[in-house]
Amino acid sequence: MTLQPVEKIIYLEQLAAFRRDAGPYARLTARSLAKQYRVSEKTARRALIALELRGWITREGFSPGPTGQAGGRYRLTALTKEGRPQRGPFYEWTPVQSERVVERARTVDEQK
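Residues numbered from 1 in each chain as written. Predicted model: local features only at pLDDT ≥ 70, side-chain atom pairs only at ≥ 80, totals over all residues. Heavy atoms only, no water.

(A) Seen up close, the nonpolar core. In this structure, Ile10, Tyr11, Leu28, Leu33, Leu48, Leu51 and Ile57 are the most contacted members of the largest nonpolar core, which totals 20 residues. Counting only elements with at least two residues in this core, the list comes to α1 (5-16), β1 (25-28), α2 (30-37), α3 (41-53) and β3 (70-76). With residues up to four places along the chain from it excluded, the contact list for Leu33 reads Ile10, Leu28, Arg38, Val39, Ala44 and Leu48. (Core = buried A, V, L, I, M, F, W, Y, C linked by side-chain atoms within 4.5 Å. Buried < 20%, exposed > 50% of the residue type's maximum accessible area, 1.4 Å probe, protein only. Helix = DSSP H or I, 4+ residues; strand = E, 2+ residues; numbered from the N terminus. Contact = heavy atoms within 4.5 Å.)

This is the structure we're talking about:
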């Protein structure tokens, strides 16, 4: 399974934005990604789910934004806290077997 262009650019830009003080974490929302990359929210949501299913990111909870709205707090699995590369599930290119992620993917596919 290969990544779609929007999935690749989201991940690469998150890697480029890495800061040691924040660690390998990013606050990502479908709405902010849709605006930033000029795609629909559904496309942005699918991109996040695809990255998570392939093991490039893992959702670790929620993080409040500047307006108080909660967004997903994701960890970039290819980086250690110090920013060094590390192996992860993405090396095998096998889908992450998580019922929660699979259910979110089904929900997005069922939406219009």
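(B) Representation of the packing of α1 against α3 within the structure. Remark: α1 packs on α3, axes separated minimally by 9 Å, with the N-to-C direction vectors making an angle of 70°. The angle between the axes of α1 and α3 places the two elements in the roughly perpendicular class. Here α1 runs over α3; the crossing is right-handed. Along the contact surface, α1 presents Val6, Glu7, Ile10 and Tyr11, while α3 presents Thr43, Arg46, Ala47, Ala50 and Leu51. Tallied by class, residues from the contact of α1 with α3 come to six nonpolar, one polar and two charged. (Axes fitted to C-alpha atoms, helices over the stretch in contact; angles between N-to-C directions. Parallel < 35°, antiparallel > 145°, perpendicular 65-115°, else oblique. Left-handed = near helix turned anticlockwise from the far one by under 90°. Nonpolar A, V, L, I, M, F, W, Y, C, P; charged D, E, K, R; others polar.)

(C) Layout of the pattern of salt bridges. By the definition in use, this model includes three salt bridges. Where Arg31 meets Glu41, a salt bridge forms, and the shortest distance between an N and an O atom there is 3.4 Å. With Arg31 in helix α2 and Glu41 in helix α3, the pair connects residues that are 10 residues apart, well separated along the chain. Its relative accessible area of 44% is what places Arg31 among the partly exposed residues. Owing to a relative accessible area of 33%, Glu41 belongs among the partly exposed residues under this scheme. Linking Arg45 and Glu41 is a salt bridge whose minimum nitrogen-to-oxygen distance equals 3.8 Å. (Salt bridge = Lys/Arg side-chain N within 4 Å of Asp/Glu carboxyl O.)

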